[in-house]
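# Overview (structure and organization)
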Amino acid sequence: MIAKKEIVILAGTRETRKALANQLDEIIGDLVNVKSYSVEEQLPPIIENQIIIFSSYLIDDEVKHIIGNGCKIIIANRTINYQFIDKLLFLPKETKVLYVNDFPETVSESIHTLKKLGIDHIHYVPYYPGKLLIEHTEIAVTPGEVELVPPSISQIVDIGVRLIDITTIIRILDVLQFPEENGLDIADKYTKKIIELSQKLAKTNNKINLLNRHLKEVVDGVNDGILAFTYNGKITVFNEVLEKLTGVSSKYAIGQNIRKVLKNHKLIEFLFSQTDTHDQYFSLKDTDVMVHRFHLLKEQSIVATFKNVNETIEMERAARNELVKKGYIAKYSFSDIIGNSLELQETKIVSMKLARTDLAILIQGESGTGKELFASAIHNESPRKTGPFLAVNFSALPEDLLESELFGYEDGAFTGAKKGGKKGLFEQADGGTIFLDEIGDISPKLQARLLRVLQEKEIRRVGGSRNIPINVRVIAATNKDLISMINHGTFREDLYHRLKVLFIELPPLRKRKGDLPVLIKHFIEETNSNHVDVSKDAIQILQDLPWYGNVRELKNTIDYMLAVHDGNVLNKKDIPGMNFFQRNKLQTTSTNEDFQEKRELSLSPEQEMIIEIIYKISLEGKIASRKSISEYTTGHNQYFELSEQQVRQRIQQLEELGFVTIGVGRSGTRLSRAGLDYVRLGSFEKAL
Ligand SMILES: Nc1ncnc2c1ncn2[C@@H]1O[C@H](COP(=O)(O)OP(=O)(O)OP(=O)(O)O)[C@@H](O)[C@H]1O
């Protein structure tokens, strides 16, 4: 085997030595052995009879002492390292860069090569150690001499050590006396490297195109018009929405000067201005838009967005409708309020008339009489029926929570406040109705705030400083006697008058028992149990009950009976036991109730029934003994069935209350004056 020929590389620095040795190894390594030394590391003793490559003529002085006899010196022509050239190609046009190398000669040589190779879109400022930095640059470009870059420069583009050019390589082969084919082969290898670079660039280019397409789709997909232009006025982004808004095609607009595309001088002035940071309204063709813009300092560009104002209003409306969907909807209308009694019919007729005004309404009525039902029906009958209907219950929430629920809060109003603040119910009910349920439970602090809202028709969020106008109709409801609260100083009279511009009083169910059969039928139908009937005696017993819990209690009773009944009929056995029912009218704040009211407060339905029985028995001329009372209950209503022992207990209680007197021996029990009054005043009209 013939020994491989050998060449020696002598370079100034280790970096250069390694890079050049690698390069030659890669290209002609299969033909020659490559040895390499650098001045910076250690040079060999005298070299004789060798082909020596100098990395540059500049090292001549430093290496000439080791060059012995019979050596052939080739000074390498060096060119830019094509592998990293893309780093320069990606720098924007006209970028000023500091070109850093070790000597003035290498610097000017390199810059010359770069320009000759067509990489002339950037502006090179020469720099080598010892040179004064006069011009300010942010980017330094260096062929592997990173440590020579002045520390003031933050961004370094290392384009790698300059490589030996193809002419030098061909010369080396020539001196080594390789045949011509070898040279061609090498040239191909060299070209292949350059093609690889092109491939790399093409790949990057593809990626960029893809990214650009993607970005264009994103920008076009956005609902707003988007515009970007350089400080010189050249348009770089012009999306589809903006095409529609302006009637100008993006193909024409992009690359064009903004002044040629948008004719509205005020708009252009606004887009360029740096002082006014607020958004502004403009008219584009026939659309009103809200324009927002910001500067991209690094890109020396301005970006602007154009929002269609009509669409924004439409969006707000949709958001409001969404609110309505989320339960802020008035579910009932007057046709849902069941009952044929004169009392209810009259109340409905008056309420319908009041609905059509825009005035505040106070609804008074015992619990379960349908106050919320009426409020909802009034809203649906009012001109605000397409707006939201929001209900808030003053007995359900603590004061602080109620305050922020009602009036909303600003960002950071309190710990845990949602970022960006929150709209309160008054703001959310804009254009609609707010129903203030159990208004009698409102705290003094909230009374003061509510009064101000009703007076000013403005709200101020918790922690906020601006007043927000509101357009809301107020319907309040209470089962408390607000007048007596005013007398006690617990309810503000001025607030009362603001709430009670109009007034509706809902009659309790016991005052309109005629409504019971239709209500019962309605509640049965509501559960889709249309085939179910109610027996006559069950209806009779139900009508006898005092219904202190009103229609809600009746509804619950029917639900119970439907749950426990067998077959197709609700019977008296399905009526729940006495404990199921509300025993008396809920405590109201009242000071001047009459005697009748007092008795209602203290008597349970069972006690009322016993009084009625005693009265009946005495009407028949008989003695109301424990036995006869007990028998009476057995015959009439199994749910009030009382043993003699139970009767004894009950009449003792009634005696304590002053409604009966219990005679000694066989004389039985009689109604007292109060007991007789109770029956005669007719707290309930029915007879057992
Ligand atoms: N006339 C009626 N017709 C049909 N359903 C009724 C009627 N009155 C009340 N209801 C029903 O009775 C229940 C109680 O009514 P609502 O909640 O409106 O009473 P309320 O007076 O607001 O009670 P509270 O004061 O306890 O809040 C509801 O289910 C309602 O639908």
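Residues numbered from 1 in each chain as written. Predicted model: local features only at pLDDT ≥ 70, side-chain atom pairs only at ≥ 80, totals over all residues.

Looking at an unreviewed UniProt entry, one finds the protein chain named Sigma 54-interacting transcriptional regulator, with Cytobacillus spartinae as its source organism.

Close to the ligand lie 17 residues, the nearest being Ile 338, Gly 370, Lys 371, Glu 372 and Val 551. Sorting the residues of the shell around the ligand by element identifies α13 (371–381) and α21 (550–564) as the ones contributing at least two each. Looking at the shell around the ligand, its residues break down into 4 nonpolar, 8 polar and 5 charged. Each of domain 4 (334–505) and domain 5 (510–580) gives at least three residues to the shell around the ligand. (Near = placed C-beta within 6 Å. Helix = DSSP H or I, 4+ residues; strand = E, 2+ residues; numbered from the N terminus. Nonpolar A, V, L, I, M, F, W, Y, C, P; charged D, E, K, R; others polar. Domains from an automatic or database assignment.)

Moving on, we get to the packing of helix α23 (residues 605–619) against helix α25 (residues 644–657). Look at α23 against α25: their axes get within 10 Å of each other, and the N-to-C directions meet at 90°. If you check the angle between α23 and α25, you find them roughly perpendicular. Of the residues in α25, those in contact with Glu 606, Gln 607, Ile 610 and Ile 611 of α23 are Arg 650, Ile 651, Gln 653 and Leu 654. Here the residues of the contact of α23 with α25 are counted per class, giving 4 nonpolar, 2 polar and 2 charged. (Axes fitted to C-alpha atoms, helices over the stretch in contact; angles between N-to-C directions. Parallel < 35°, antiparallel > 145°, perpendicular 65-115°, else oblique. Contact = placed C-beta atoms within 7 Å.)

Among the nonpolar cores identified, the biggest contains 42 residues, and Ile 363 and Ile 434 are the most heavily contacted of them. Ranked by the residues each element gives to this core, the list is headed by α13, at 5 residues. Ignoring sequence-local partners within four residues, the contact set of Ile 363 consists of Lys 371, Phe 374, Ala 375, Ile 475, Ala 477, Ile 504 and Leu 506. If you look at the next biggest cluster of nonpolar residues, it comprises 21 residues, including Ala 19, Ile 28, Ile 53 and Val 161. (Core = buried A, V, L, I, M, F, W, Y, C linked by C-beta atoms within 7 Å. Buried ≥ 20, exposed ≤ 12 C-beta atoms within 10 Å, placed from the backbone.)

Moving on to helix α20 (residues 536–544). Every buried residue of α20 is accounted for by Ala 538, Leu 542 and Asp 544. Projected down its long axis, α20 carries its buried residues within an arc of 160°, all on one side. (Arc of directions from axis to C-beta.)

The subject of this paragraph is the pairing of strand β16 (residues 361–364). Across 4 bridges, the pairing between β16 and strand β23 (residues 473–478) is parallel. Within β23, the position partnered with Ile 361 by the bridge is Ile 475. (Pairing = 2+ DSSP bridges.)

Looking now at the confidence of the model for the protein chain. On average, residues of the protein chain score 85 in pLDDT, and 91% of them are at 70 or above. Ignoring residues within four places in sequence, the model shows residues 683–688, a span with pLDDT below 50, making 13 contacts including any to other chains. Both scores are given for the predicted complex: the pTM is 0.47, the ipTM 0.95. (pLDDT = per-residue confidence, 0-100.)

This brings us to helix α5 (residues 166–175). Along α5, the positions that sit buried rather than exposed are Ile 169, Ile 172 and Leu 173. Along the axis of α5, the buried positions cluster into a sector of 95°, meaning they face one direction only. On the buried face of α5, the contacting elements are β1 (5–11), α1 (14–28), β3 (51–54), β4 (72–75), β10 (163–164) and α6 (180–221). Following α5 by one or two positions, Gln 177 adopts a phi angle in the positive range, close to 60°.

The subject of this paragraph is the sheet that holds strand β14 (residues 287–296). Read from one edge to the other, the open sheet built from 5 strands follows the order β12-β11-β15-β14-β13, with strand pairing classed as antiparallel. Edge positions in the open sheet fall to β12 (235–238) and β13 (280–284), since each of these has one partner strand only. Recorded for the sheet is a direction-independent mean angle of 25° between the axes of neighbouring strands. Where strand β11 (residues 225–230) lies against strand β15 (residues 301–308), 6 bridges are found, and the strand directions are antiparallel. Residue pairing across strands places Ile 226 opposite Thr 305, the latter belonging to β15. Each of β13, β14 and β15 touches helix α10 (residues 265–272); the most contacted strand, β14, lies at about 30° to it.

The next subject is the environment of Ser 341. Tracing the backbone through its elements, the reader meets Ser 341 in the loop between α11 (309–325) and α12 (342–355). Ser 341 sits in the partly exposed class, given 17 other C-beta atoms within 10 Å. A sequence separation of 172 residues divides Ser 341 from Lys 513, and the C-alpha atoms of the two residues are 8.1 Å apart. In this structure Ser 341 touches Arg 512, Gly 514 and Asp 515, once residues within four positions along its chain are discounted.

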